Amino acid sequence: MLEISGLTKRYGDGEPVLSNLDLNVKGQNIVSIIGSSGAGKSTLLRCINRLVEPSSGSIKLNSLEITSLSGKALREARRKTGMVFQGFNLVDRLTVMENVQAGRLGYISTWQALSRRYPQADIQRAYELMERVGIAHYANQRADQLSGGERQRVGVVRALMQEPDILLCDEPTASLDPRTSEQIMVLLRTLAEELALPVIINIHNVAEAKEYTDRIVGMRFGKIIFDDVPTSLDDKAMNDIYSGTPASDRLSTETTQGAVHHA
Amino acid sequence: MPSEMRHWKKPPTIENPIVRWGIYSAIVIYLAVTIPTLPINWPRVMEGIGRASQIFNGAFPPSFERSELLIDGFVESLRIAVLATVFGVGLSVPLAFLAARNLSPMPVYILGRGIIILARSFHPVIVAILFVKAVGFGPLAGVLTLIVYSIGFVAKMLAERIEEIDFGQVEAMRATGASRILIIFYAVFPQIIPRQVGLSIYQLDSNLRASAVVGIVGAGGIGSTLANAFGRYDYDFALAITMVIVGVILISEGISGQIRKRYA
Amino acid sequence: MPNKDAINAQWHRYSPTQRMQRYGLFLLTGLIIGWATTSIEVVWEWVWTAPNQIADLFARMAPPDPRNLDSILSVLWETVNIATIATFLAVLLALPVAYISAQNTTPNRATLWLGRFILVSSRSINTIIWALLFVAIFGPGVVAGIVAITFRSIGFIGKLLGEAIEEIDRRPVEAMEATGAGRSKVVLYAIIPQVVPTFWAVAILRWDINLRESTVLGLVGAGGIGMVLQGAIDTFNWPEAATVLLAILSLVIIGEAISAFLRQRII
C-alpha cells in the first residue's frame, strides 16, 4: 500500500512542480495518472523511488517511510519498486538476458554482476517471465536489435525481476505505435492481475487510460484535481485537467511525442 | 513450478572458439616472451626511485632567475612556428592539388600522395636531426622540420577536402571556357578556403607545440633551452621552462579553438 | 543578394567595413611574418645553401647499407614492444583518470580537478620531454621510454574516454539506479557498455601514435630504434642511417595498416 501525503517538489526557487499532494493506492489497483506535459506526473513517479528528491512531505510504501531513507536502505526500498520507462532505458550493447538480469542488481553481489554468473533461480525466473511476454528466444540478442514493442517487454521483465511490491510506469507506451502500445497495456493489465501487483501508470493517451485502468488520477499544475473511476471522467473533468491545451494536442501529443522521441 | 531447468551463459564476444583461444594465447605468449626479454637494467631502475626524489627536490621551487633565456627561447619558438606555418601551408596548397584524385592525372596523384605519406611517416624529431646534420644547429633546422611536419598534415587534409568539392561548379566554369588556373581560382578555392583557414590556425598551434620538441635535438627554440637545462642538471630551471611550455600550449589551444569556432 | 541600389553601383565582393577588417587582418599577418623573418637568428647564407646540403645528405645515404639489418630489425621489434607495453599500461591507468575527470561520474569537486590536472599535464608535455625526465630518473633504456610513453598516453586516452563518459545516454543509468543497484553496479551495467566502442577505438589509435613516438625515444636515450639512428648519424654512417629510416618507414606503414584493420574488425 502506497500512501503519499503533503508531497512537494520544487527545483531551486521556481514554482513547485508538485505542491502538497496526497495520494493513496491500496491493494492491487491499476491507477493511471493523466495530465498535460509539465503537470508533474513524471516527477511524482520519480519521487516514489527517489530518483527525484522530494522537497517535503511523506511517502510510505507498505508503512515504510521512503523519504528519510539513504544508502543501503534506500537501495533496498528501490529494489522493491519496479519501474518501466518511456524510452525503455535499456543498455543497447548488452544482451536481452543481461538487461533482464539488471533487475536483480539490487540482490546480487558485484562479483556476480561483473562475471555475469547469475544465480540459477534468477535465470529460471527470467526465462519464465520472458516466455510469458514472448521474448525468450531473444535472450542472447543485443537489446538494440529488438523492435520498440519488444524492447518495452524487456523493460517490463526487468522491472518484474525485482520482485517489486509496486510497479511504476512512466509513459510506457508513448514511444510505441498504437497497436504495440495497446499490446503493452494489455500485458501490464494481465501481469498486474497475475502477480497481484499494484501499478501506477503515467499516460498521455486518455482512451487507453479509460480502457485499461481501474482508477484515473488527473493532475494539473502539480496538484491532483481528479481522482475517480474511469467512467466518471466526463468532458468537464477533461476540460479541467487539460484546459489551455488545444484540442488537437490532446489527441496527438501521444503519437507525435512518440515519433519525435524515437527519431 | 516444475518446468525444465534452463541455464544461461553470456555468449562469448568472439564466436569462433579457435579464433578466440588463439587470440587469448597469442596475447599471453606475447607478454610472457616480451617482458622478460626486454633489455632492462633492474638495479639501475631501482636506483631511480632515489633519483626521482633527488630530482624533484632539485626542481622545487621552479627557478625563473634566468627568465631572459626563457623568454628568448620562447620568442624563437614562436618565430619558428610562424615561419614554418607560412611556408608549410604555402607549399601544402599546390601539393594538395597534385594529391587530389579528382583534379590530377594518376602519375601526378601518386607523386603528390607519396610526398605527403613520406612527410607524415617520420616523427618531427627524426626529421629535425636530419636537418640539423644538413644545415647545422639552430632555428633554420627547426623551420625546415616543421615545414615538413605542416605539409604532412595540411596537404593531406586539404587534398581530402578538394576531393569532396562540388564538381558541378568546376564543370560550370569549364563550360564558360575558362582556363585551368581560372577554374582553380574561381571554382575550387572558394570551396576550400574555410577549411584552409581552419587548418592553418590549427597547424600554427601544432607547430608551436612541436617547436618545443624539435629543439631538444638542436633545432632551436625553447626545446634547446630545456635540453640544456636538463643536461646541466638545472632541474629547477627545467621545471620553470616546462611550466611555461604547458601554460603557452594551453593558451594557444584556447585561442586557436576560439578562432576556429568563430571563423571556420 | 542584389538590392536596388546595387544595380547602379559597382559590384563589390565585400562591404567597406568587411574590406577594412580583411586589410587589417592581412596587414597584421604580414607584420607577424615580417617580424618572424627579420628577427630570427639565421645565417642567411646557410638558407641558400640548404637545398644543396640536403641533396648532398640524401646522396650520401644512397645506397642504403643492409649489413646490420638483423640488429636493426631486432631493435625495431624492441621499439614495437615499447609502444605496445606502454599503450597497455596507459589504457589501464587512464581508466580511473577518465572516471574521475568526467563530470557525471567523478565523486566530488576535488577529484574532478585532480583528474583534469592529470589530463592537462600529461597531454601538454610531449613524449620527448617526459623521456628526458625519465632518462634522468631511470637511466638510459627501455624503462624510461615505456614510462614516458605511458605518461603521455594517459592524458590522451583519459581525455577522450572522459568525454565519452560525459556523452553517454543517461537513461540506462536512471534505470539501473531504479533497480536499487549501487554505484559500482551502475557503472558496470549502464556506463561501461556504452563507452566500450570508444575505449577500443582510442586504444588502437593511441597504439598507432605510440609506434611513431617510440621511434624517437632513442634520440634522448630512452630505448628503441632511435638509439641506432643516433649512432649511425653520429658516426656519419649515412648508408646505415638510410636503412634505419627505411625500417622506420615500413614500421609506421605496417602499424597504420594493422590499426586500420583492427578498427574495422572491432568497431
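Residues numbered from 1 in each chain as written. Chains lettered and ligands numbered in written order. Predicted model: local features only at pLDDT ≥ 70, side-chain atom pairs only at ≥ 80, totals over all residues.

Enquirer: Kindly report on the overall build of chain B, identifying the contributing residues and their values.
Expert: Across its full length, chain B carries ten helices and zero strands. The order of α-helices and β-strands along chain B, N terminus first, is α-α-α-α-α-α-α-α-α-α. For chain B, whose C-alpha radius of gyration is 26 Å, the value lies well above the compact-globule estimate of 18 Å for 264 residues. Expressed along its principal axes, the backbone C-alpha trace of chain B runs to roughly 85 × 75 × 40 Å. Within chain B, counting contacts between residues at least 6 apart in sequence, those at least 24 apart form 72% of the total. (Helix = DSSP H or I, 4+ residues; strand = E, 2+ residues; numbered from the N terminus. Rg over C-alpha atoms; globule rule 2.2 N^0.38 Å. Contact = placed C-beta atoms within 7 Å.)

Enquirer: I'd love a proper account of the overall build of chain A, names of residues and values included.
Expert: Within chain A, the regular secondary structure consists of ten helices and ten strands. The globule rule puts the C-alpha radius of gyration for 263 residues at 18 Å, and the 18 Å found for chain A is close to it. Taken over the C-alpha atoms alone, chain A extends approximately 55 × 40 × 35 Å along its principal axes. Evaluated residue by residue, chain A yields a buried proportion of 46% over its 263 residues. In chain A, the proportion of contacts linking residues at least 24 apart, taken out of those at least 6 apart, comes to 68%. (Buried ≥ 20, exposed ≤ 12 C-beta atoms within 10 Å, placed from the backbone.)

Enquirer: Before we move on, could you go through the sheet that holds strand S8 (residues 199-202) of chain A and cite the residues and values that matter?
Expert: Residue and element names in this part refer to chain A. The six strands are arranged S6-S7-S8-S3-S9-S10 in an open sheet whose pairing can be described as mixed. In this open sheet, the two strands that pair with only one neighbour each are strand S6 (81-84) and strand S10 (223-228). In this sheet, neighbouring strand axes are inclined to one another by 20° on average, regardless of whether the strands run parallel or antiparallel. Sheet topology note: the strand S9 (residues 215-220)/S10 ladder contains five bridges and is antiparallel. By the bridge assignment for S10, Ile216 is matched with Asp228. (Pairing = 2+ DSSP bridges. Axes fitted to C-alpha atoms, helices over the stretch in contact; angles between N-to-C directions.)

Enquirer: Give me the pairing of strand S2 (residues 16-25) of chain A: which residues, what numbers.
Expert: Each regular strand displays side chains that alternate between the two surfaces of the sheet. Note: strand S1 (residues 2-10) of chain A against S2(A), six bridges, orientation antiparallel. Residue pairing in the sheet places A:Lys9 in a bridge with A:Leu18 of S2(A).

Enquirer: Before we move on, can you summarise unusual backbone geometry with the specific residues and values?
Expert: With an omega dihedral of -10°, the bond running from C:Ala62 to C:Pro63 counts as a cis peptide bond. In this structure, C:Pro63 sits in the loop between helix H3 (44-61) and helix H4 (69-101). With phi around 65°, A:Ser63 is a residue other than glycine that occupies positive phi space. Looking at the element boundaries, A:Ser63 is found in the loop between strand S4 (56-61) and strand S5 (64-65). With a phi angle near 50°, A:Glu163 is a residue other than glycine that sits in the positive phi range. Assignment of secondary structure puts A:Glu163 in the loop between helix H6 (148-161) and strand S7 (166-170).

Enquirer: Before we move on, can you summarise the sheet that holds S1(A) with the specific residues and values?
Expert: Residue and element names in this part refer to chain A. With antiparallel pairing, the four strands of this open sheet are ordered in space as S2-S1-S4-S5. The sheet is open, and its two edges are formed by S2 and S5, each paired on a single side. Here helix H1 (residues 41-48) sits on the sheet in contact with S1, S2 and S4, set at roughly 60° to S2.

Enquirer: Which residues make up the packing of helix H5 (residues 124-135) of chain B against H3(C), and what are the values?
Expert: Between H5(B) and H3(C), the least distance of the axes is 8 Å, while the angle of their chain directions is 115°. Judged on the interaxial angle alone, H3(C) and H5(B) are roughly perpendicular. In terms of crossing hand, the pair formed by H5(B) and H3(C) is right-handed. Across the interface between the two elements, B:Leu130, B:Lys133, B:Ala134 and B:Val135 from H5(B) touch C:Trp46, C:Ala50, C:Gln53, C:Ile54 and C:Leu57 from H3(C). (Parallel < 35°, antiparallel > 145°, perpendicular 65-115°, else oblique. Left-handed = near helix turned anticlockwise from the far one by under 90°.)

Enquirer: Could you give an account of the interface of chain A and chain B, with specific residues and numbers?
Expert: The partner chain B presents seven residues to the nine residues of chain A that form the contact. With four residues, helix H5 (residues 120-133) of chain A is the largest single contributor of residues to the side of chain A that touches chain B. Per-class residue counts for the side of chain A that touches chain B are four nonpolar, three polar and two charged. (Nonpolar A, V, L, I, M, F, W, Y, C, P; charged D, E, K, R; others polar.)

Enquirer: Please give an account of the confidence of the model for chain B that cites residues and values.
Expert: Residue and element names in this part refer to chain B. For chain B, the average pLDDT comes to 85, and 98% of its residues sit at 70 or higher. Least confident of the elements in chain B is helix H7 (residues 167-175), whose mean pLDDT is 80; most confident is helix H4 (residues 106-121), at 90. Scored by ipTM, the complex comes to 0.86, with pTM at 0.84. (pLDDT = per-residue confidence, 0-100.)

Enquirer: I'd like to hear about the interface of chain B and chain C, residue by residue, with values.
Expert: Contacts between chain B and chain C engage 42 residues on the former and 42 residues on the latter. Secondary-structure elements contributing two or more residues to the side of chain B that touches chain C are helix H2 (42-59), helix H3 (67-98), H5, helix H6 (139-163), helix H8 (180-214), helix H9 (222-231) and helix H10 (235-263) of chain B. Taken together, the residues of the side of chain B that touches chain C sort by class into 29 nonpolar, eight polar and five charged.

Enquirer: Describe the environment of A:Val84, naming the residues involved and giving the relevant values.
Expert: All names here are of chain A. The residue Val84 is located in strand S6 in this model. Val84 sits in the buried class, given 26 other C-beta atoms within 10 Å. The residues contacting Val84, other than those within four sequence positions of it, are Gly155, Val156, Ala159, Leu167, Cys169, Asp170 and Pro172.

Enquirer: Please set out the environment of C:Lys159 residue by residue, giving values where relevant.
Expert: Residue position: C:Lys159 is located in helix H7 (residues 142-166). For the pair C:Lys159 and C:Val135, spaced 24 residues apart in sequence, the C-alpha separation works out to 26 Å.

Enquirer: With reference to specific residues and values, describe the nonpolar core.
Expert: Counting 219 residues, the largest nonpolar core has C:Ala131, C:Leu132 and C:Phe134 as the members making the most contacts within it. Residues contacting C:Ala131, with those up to four places away along its chain left out, are C:Ala144, C:Gly145, C:Ala148, C:Leu217, C:Val220 and C:Ala222. (Core = buried A, V, L, I, M, F, W, Y, C linked by C-beta atoms within 7 Å.)

Enquirer: Could you give an account of the packing of H4(C) against helix H11 (residues 238-266) of chain C, with specific residues and numbers?
Expert: All names here are of chain C. Contact geometry of H4 with H11 gives a least axis separation of 11 Å together with a crossing angle of 40°. Relative to H11, the element H4 is oriented oblique. Between H4 and H11 the crossing geometry is right-handed. Facing Leu69, Ile72, Leu73 and Leu76 of H4, the residues of H11 in contact are Thr243, Val244, Ala247 and Leu251. For the contact of H4 with H11, a count of residues per class yields seven nonpolar, one polar and no charged.

Enquirer: If you had to explain H8(B) to someone new, which residues and values would you point to?
Expert: For H8(B), spanning 35 residues, the distance from its first C-alpha to its last is only 39 Å, which falls clearly below the expected 51 Å at 1.5 Å a residue. The largest bend in H8(B) amounts to roughly 55° and is located at B:Phe189, with the proline B:Pro190 lying one to four residues further along. (Expected span 1.5 Å × (residues − 1). Bend = angle between axes of the 7 residues up to and from the residue.)

Enquirer: Requested: an account of the confidence of the model for chain A, with residues and values cited.
Expert: Looking at chain A, pLDDT values average 86 and 92% of them are 70 or higher. In this model residues 247-263 of chain A is a low-confidence stretch, pLDDT under 50, and it forms 15 contacts with partners more than four residues away in sequence or in other chains.

Enquirer: Which residues make up H2(B), and what are the values?
Expert: Taking 1.5 Å per residue as the helical rise, H2(B) with its 18 residues ought to reach 26 Å, and the 25 Å between its terminal C-alpha atoms agrees with that figure. Remark: the principal bend of H2(B), roughly 35°, maps to B:Ile49.

Enquirer: Break down the pairing of S6(A) for me, with residues and values.
Expert: Residue and element names in this part refer to chain A. Neither face of S6 is exposed, since Thr81 and Met83 on one face and Gly82 and Val84 on the opposite face are all buried. Across four bridges, the pairing between S6 and S7 is parallel. Opposite Gly82, over in S7, you have Leu167 as the bridge partner.

Enquirer: Any details on the environment of C:Thr29? Residues and values, ideally.
Expert: Looking at the secondary structure, you find C:Thr29 in helix H2 (residues 16-39). Taking the C-alpha atoms as reference points, C:Thr29 and C:Leu93, 64 residues apart in sequence, are found 43 Å from one another.

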